[in-house]
Amino acid sequence: MRTTVGIIGAGPAGLLLARLLHNAGIDSVVLESRDRAYVERRQRAGILEQGTADVLRAAGAGERMDREGLRHDGIELRFDRRRHRVDFPALTGGRSVMVYAQTEVCKDLIALQLQEGGPLLFEAEALAVEDAGTDAPRVRFRHEGREDALECEYVVGCDGFWGVARKAIPAELTQVFERTYPFGWLGILADVPPSHDELVYARHDRGFALLSLRSPSVSRLYLQVPDGTDAEAWSDEEIWDELERRFETADDWRLERGPITQKSVTPMRSYVHEPMRHGRLFLAGDAAHIVPPTGAKGLNLAVGDVVTFARALTHRKETGSAELLDAYSRTCLRRIWQAERFSYDMTTLLHRAPGATGFEDRLQLARLERIASSRAAETDLAEGYTGFPFG
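No experiment lies behind these values; they were computed from the predicted model shown.

1. Details of the packing of helix 1 (residues 12–23) against helix 6 (residues 102–116)
In a packed pair of helices, the relevant descriptors are the angle between the two axes and the axis-to-axis distance.
Part 1 of the argument: Interhelical geometry of helix 1 versus helix 6 gives an angle of 35 degrees and a closest axis separation of 9 Å. Crossing geometry of helix 1 relative to helix 6 is assigned as left-handed. Taking contact as the criterion, the partners of Pro 12, Leu 15, Leu 16, Ala 18, Arg 19 and His 22 in helix 1 are, on helix 6, Gln 102, Val 105, Cys 106, Leu 109, Ile 110, Leu 112, Gln 113 and Glu 116.
Part 2 of the argument: Grouping the constituent residues of the contact of helix 1 with helix 6 by class yields nine nonpolar, three polar and two charged.

Listed below in structure tokens is the structure:
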């Protein structure tokens, strides 16, 4: 099998890249180790930055998002039983975010790919990327019980942290930067309408809490818990009681309870792999970088990566110049490090570290007071949350 671009991974990054390349007249093949049903129900991100929503629309994948997604023009910060709303459009020249689950993005892109695009092979396990440093890389994969090779001009690894793409970059050429946090998020899905019409980020002496949603009838909520926590060790009643404590306000706001349909614990870490390119192999998304979920940046960073690659390859096709491809890693990393910085700032602003001192508690409250009282500080948060420019 032969193609111009071999894409490993049919998450939102790989699927969007295939769509962007198709629209530019560049052929590709997508290899996905899981079956279609798994990809379409894999719960991950739910917040799309302004730029991500715009890219999906431009790619022809925004119709259902605009019909069923929920535009959010702000978030609420809670601390010291106080409430402060951050108004995104007023602070960013009209930018906002869209609540639209990753599962739905994948469904839309899969449908388009199967209808109009190149081959999308499910249950096709990538085994290795070979000859990445040459002009003729290939992906060895297993599909329908047989091993095969996908001959490519370029390979893009959208196969996540545990995938094979990153392993094809020689260790002596790489640098890794990472930080592991001593807490995680206990997340739940609940069949109950959200208790607030925008996301609520709460800083509390007992730990962080987040009120989010997946639809007008399904709530997504999170609690900061110690690293290594077993989700099943928490009863439903204990979860709701703890959420109530952490979201408490001085007014009459109330948290609505409902049946919990899913529980899981997400570890918190920051990770960046440099460079993101070796020869004709390019890394995108979690294959190259991970952010703690506090800033809602993971999926959006992956979108920025594949937009950058698609633009660079289109430029090569139209002009013959490899200048943008050669700059891929540098271009992506500028945006990635700003997102890493923003996600770290949000995490340390809102989470109480084990053994935190009174001094550190006061600093957190002072930082939140600054955001609530300074338009400049509030604007910095709003600009970061709604997204840094692509490229």
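So much for the structure itself; the text now carries on.
2. Examining the pairing of strand 2 (residues 28–31)
Across a regular strand the side chains alternate sides, sitting on one face of the sheet and then on the other.
Part 1 of the argument: Of the two faces of strand 2, the one carrying Ser 28 and Val 30 and the one carrying Val 29 and Leu 31 are both buried.
Part 2 of the argument: Summarising the sheet, strand 1 (residues 5–8) and strand 2 pair through four bridges and their orientation is parallel. Bridge pairing in strand 2 links Ile 8 to Leu 31.
Part 3 of the argument: Read as a crossover between parallel neighbours, the route from strand 1 over helix 1 to strand 2 is right-handed.
Part 4 of the argument: The sheet contact formed by strand 2 and strand 8 (residues 120–121) spans two bridges and is parallel. For Leu 31, the partnering residue across the bridge sits in strand 8 and is Leu 121.

3. Some words on the layout of surface pockets
Over the atoms rolls a probe the size of a water molecule, and its path tells where empty space is left.
Part 1 of the argument: Of the voids in this model, the second largest pocket is the one considered here, and its volume is about 320 Å³.
Part 2 of the argument: Thr 348, His 351, Ala 353, Glu 360 and Gln 364 are the residues nearest the centre of the second largest pocket, which is lined by 17 residues in total.
Part 3 of the argument: For the lining of the second largest pocket, the elements supplying multiple residues, two or more each, are strand 13 (175–190), helix 10 (328–350) and helix 11 (358–373).
Part 4 of the argument: Per-class residue counts for the lining of the second largest pocket are seven nonpolar, five polar and five charged.

4. Overview of the packing of aromatic side chains
Remark: the centre distance and the inter-plane angle together describe each pair of aromatic rings, the angle taken between the planes.
Part 1 of the argument: What the rule picks out here adds up to 16 aromatic pairs.
Part 2 of the argument: With a centroid separation of 6.3 Å and 55 degrees between ring planes, the pair formed by Tyr 154 and Phe 282 is classed as tilted. Placement of the pair is Tyr 154 in strand 12 (residues 154–157) and Phe 282 in strand 19 (residues 281–283), with a sequence separation of 128 residues.
Part 3 of the argument: You can call Tyr 154 buried: its relative accessible area is 4%.
Part 4 of the argument: Considering the side-chain rings of Trp 185 and Phe 208, the 5.4 Å spacing of their centres and the 25 degrees angle between planes classify their relative orientation as stacked. One end of the pair, Trp 185, is in strand 13; the other, Phe 208, is in the loop between strand 14 (199–203) and strand 15 (209–215), with 23 residues separating them in the sequence. In terms of burial, Trp 185 and Phe 208 fall into one category: buried.
Part 5 of the argument: Grouping aromatic residues by their ring pairs yields a cluster made of Phe 88, Trp 185, Tyr 201, Phe 208, Tyr 222, Phe 342 and Tyr 385.

5. Topic: the UniProt feature "domain: FAD-binding" (unreviewed entry) in the chain
Part 1 of the argument: Summarizing the sequence annotation, UniProt attributes the feature "domain: FAD-binding" (unreviewed entry) to residues 2–343 in the numbering used throughout.
Part 2 of the argument: Span residues 2–343 is 31% helix and 33% strand, its end C-alpha atoms 39 Å apart.

6. Remarks on the pattern of salt bridges
Part 1 of the argument: Under the defined criterion, the tally for this structure stands at 40 salt bridges.
Part 2 of the argument: A salt bridge links Arg 85 to Glu 198, with the nearest nitrogen and oxygen atoms 2.8 Å apart. Residue Arg 85 is found in strand 6 (residues 82–87), and its partner Glu 198 is found in the loop between strand 13 and strand 14; the two are separated by 113 residues along the sequence.
Part 3 of the argument: Judged by its relative accessible area of 8%, Glu 198 falls in the buried class.
Part 4 of the argument: Each of Glu 63, Arg 64, Arg 67, Glu 68, Glu 104, Lys 107 and Asp 108 takes part in one network of salt bridges that share partners.

7. Quick word on the nonpolar core
Part 1 of the argument: One finds Val 5, Leu 16 and Phe 309 to be the most contacted residues of the largest nonpolar core, which totals 74 residues.
Part 2 of the argument: Looking at this core, the element that brings in the most residues is helix 8 (residues 298–319), giving 10 residues.
Part 3 of the argument: With near-sequence residues (within four places) excluded, Val 5 lies in contact with Leu 21, Ile 26, Asp 27, Ser 28, Val 29, Tyr 154, Val 156, Phe 309 and Leu 313.
Part 4 of the argument: With 32 residues, the next largest nonpolar core counts Ile 75, Phe 88, Val 99 and Leu 213 among its residues.

8. What to know about the sheet that holds strand 7 (residues 97–99)
Part 1 of the argument: Strand order in the open sheet formed by three strands is 3-7-4, and the pairing between neighbours is antiparallel. Either end of the sheet is taken by a strand with one partner, and the two such strands are strand 3 (47–48) and strand 4 (70–72).
Part 2 of the argument: With three bridges connecting them, strand 4 and strand 7 associate as antiparallel partners. Bridged to His 72 within strand 7 is Val 97.

Criteria and cut-off values
Residues numbered from 1 in each chain as written. Predicted model: local features only at pLDDT ≥ 70, side-chain atom pairs only at ≥ 80, totals over all residues. Heavy atoms only, no water. Axes fitted to C-alpha atoms, helices over the stretch in contact; angles between N-to-C directions. Helix = DSSP H or I, 4+ residues; strand = E, 2+ residues; numbered from the N terminus. Left-handed = near helix turned anticlockwise from the far one by under 90°. Contact = heavy atoms within 4.5 Å. Nonpolar A, V, L, I, M, F, W, Y, C, P; charged D, E, K, R; others polar. Buried < 20%, exposed > 50% of the residue type's maximum accessible area, 1.4 Å probe, protein only. Pairing = 2+ DSSP bridges. Right-handed = clockwise from strand over helix to strand, strands pointing away. 1 Å grid on protein atoms, 1.4 Å probe; cavity = no way out; pocket = protein on both sides within 12 Å on 5 of 7 lines; lining within 4 Å. Points joined across faces, edges and corners; volume = space filled by probe spheres on them. Phe/Tyr/Trp six-rings, centres within 6.5 Å; stacked < 30°, edge-to-face > 60°. UniProt positions renumbered as here; feature names shortened; annotations may be inferred. Salt bridge = Lys/Arg side-chain N within 4 Å of Asp/Glu carboxyl O. Core = buried A, V, L, I, M, F, W, Y, C linked by side-chain atoms within 4.5 Å.

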